[in-house]
Amino acid sequence: MEKVANTSDSDNNGLTLESVRQSLIRQEDTIIFSLIERAKYPFNSPLYDHDSLVSPSMVESIVKDSEALQAKFGRYESPEENPFFPDSLPPLVVPPHNYPQILHPSGASININKTIWDIYFKQLLPLFVPKGDDGNYVPTAACDLQCLQALSRRIHYGKFVAEVKFIDAPEDYGQAIRAQDKDTLMKLLTFVSVEEMVKRRVAKKAMIFGQEVSLNDDDKKGKCKVDPSVVSCLYDKWVMPLTKLVEVEYLLCRLD
Ligand SMILES: O=C(O)C(=O)C[C@]1(C(=O)O)C=C[C@@H](O)C=C1
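To start, this report covers the structure provided alongside it. (Residues numbered from 1 in each chain as written. Predicted model: local features only at pLDDT ≥ 70, side-chain atom pairs only at ≥ 80, totals over all residues.)

As for the overall build of the chain
Reasoning step 1: Broken down by element type, the chain carries 10 helices and zero strands.
Reasoning step 2: Mapped in sequence order, the helices and strands of the chain form the string α-α-α-α-α-α-α-α-α-α.
Reasoning step 3: Radius of gyration (C-alpha) of the chain: 20 Å, near the 18 Å computed for a compact globule of 256 residues.
Reasoning step 4: Taking the principal axes of its C-alpha atoms as reference, the chain extends roughly 55 × 50 × 35 Å.
Reasoning step 5: Scored against the burial criterion, the 256 residues of the chain give a buried share of 26%.
Reasoning step 6: Across the chain, every contact between residues at least 6 apart in sequence was considered, and the portion connecting residues at least 24 apart equals 76%. (Helix = DSSP H or I, 4+ residues; strand = E, 2+ residues; numbered from the N terminus. Rg over C-alpha atoms; globule rule 2.2 N^0.38 Å. Buried ≥ 20, exposed ≤ 12 C-beta atoms within 10 Å, placed from the backbone. Contact = placed C-beta atoms within 7 Å.)

Here it is as structure tokens:
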């Protein structure tokens, strides 16, 4: 029988397991729309070429410079945001916003964007964009940035999920944390039936969001802009496992 989580909101600025799951559901829309946008363009391989081992690819330069600009205006002040290039980000040029401190400080700095970067470019992208080169490199890189940021935000949101789970069951989690027992933590935080629903829902959203819309009811529906089974597989193989990895990493240092 599946565990039932307590959904009390007494300790966490109103965050409950229910409300963090609602956020994950809304973030699915952002991820799927960003994949649909990226799928407009072919692979465009010159974006990802390195001239040498030291010089960055075009996409790296565009992401790095975009992050630097967004950092100045406070993007990475938010505990929900993590940069792909955290070194040497410029200082804020606006007053800092006071985000509520929900996360435990040692877990707040977990950043697995290097892994997300590699999976996105090496494994995911070839699955859902057509081969080819149409020269639209900057718009394509802008779409890559959107996809990367949406995936990163969703996966690192595992910190908030882990925090509410810990607050709901401090004894169960505390024991596993003190023993630094990753397997038990993974078991405690896994809800198989929720994962099954997520996979089915994202496939359905990909089908609905990615269909051709025509005023003529007789028009044949074309194929989806992004294959729903690819989106479901993305969640099954990478998004949920990486979210759980973040949850475990966060919990391991929750009592530091
Ligand atoms: O909803 C949760 O409880 C989560 O931890 C999130 C999530 C997911 O990534 O969607 C991860 C682990 C659970 O097994 C179910 C779903």
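Don't stop here, the text continues.
Regarding the site of the ligand
Reasoning step 1: As a matter of local geometry, the ligand sits amid 13 residues, with T190, F191, V194, M240 and T243 nearest to it.
Reasoning step 2: Elements with a contribution of two residues or more to the shell around the ligand: α1 (17-38), α9 (192-209) and α10 (228-252).
Reasoning step 3: Broken down by element, the residue count for the shell around the ligand peaks at four residues, all from α10. (Near = placed C-beta within 6 Å.)

Focus: the packing of helix α6 (residues 158-168) against α10
Reasoning step 1: Relative to each other, α6 and α10 sit at 55 degrees, their axes nearing to 8 Å. Between α6 and α10, the crossing angle belongs to the class labelled oblique. For the crossing formed where α6 meets α10, the hand is right-handed. The segment α6 lies against α10, with G158, K159, V161, A162 and F166 engaging T243, K244, V246, E247, Y250 and L251.
Reasoning step 2: The residue inventory of the contact of α6 with α10, partitioned by class, reads six nonpolar, two polar and three charged. (Axes fitted to C-alpha atoms, helices over the stretch in contact; angles between N-to-C directions. Parallel < 35°, antiparallel > 145°, perpendicular 65-115°, else oblique. Left-handed = near helix turned anticlockwise from the far one by under 90°. Nonpolar A, V, L, I, M, F, W, Y, C, P; charged D, E, K, R; others polar.)

Side note on α9
Reasoning step 1: Here α9 contains 18 residues, and its C-alpha end-to-end distance of 26 Å stays within 8% of the 26 Å for a straight helix at 1.5 Å per residue.
Reasoning step 2: Inspection of α9 places V198, V202, A203 and A206 among the buried residues, and these make up the whole buried set. Buried residues of α9, seen end-on, are gathered within an arc of 125 degrees and therefore sit on one face of the element. Exposed residues pointing more than 90 degrees away from the buried face of α9 are listed as S193, E196 and I208.
Reasoning step 3: Where α9 is buried, its residues contact α1 and α10. (Expected span 1.5 Å × (residues − 1). Arc of directions from axis to C-beta.)

A word on unusual backbone geometry
Reasoning step 1: Here S88, not a glycine, exhibits a phi torsion of approximately 55 degrees, which is positive.
Reasoning step 2: Positionally, S88 belongs in the loop between α2 (58-72) and α3 (105-108).
Reasoning step 3: Its identity as a non-glycine residue notwithstanding, Q180 has a phi of 50 degrees, on the positive side.
Reasoning step 4: With respect to the helices and strands, Q180 occurs in the loop between α7 (170-178) and α8 (182-189).
Reasoning step 5: Overall, Q180 belongs to the exposed group, with 11 C-beta atoms counted inside 10 Å.

Let's talk about the nonpolar core
Reasoning step 1: Within the largest apolar cluster, 44 residues are counted, with the highest numbers of intra-cluster contacts made by L151, V202, A206, V231, Y235 and V239.
Reasoning step 2: A total of nine residues in this core trace back to one element, the largest contributor, which is α10.
Reasoning step 3: Excluding anything up to four places from it in sequence, V202 contacts E28, I32, V231, S232 and Y235. (Core = buried A, V, L, I, M, F, W, Y, C linked by C-beta atoms within 7 Å.)

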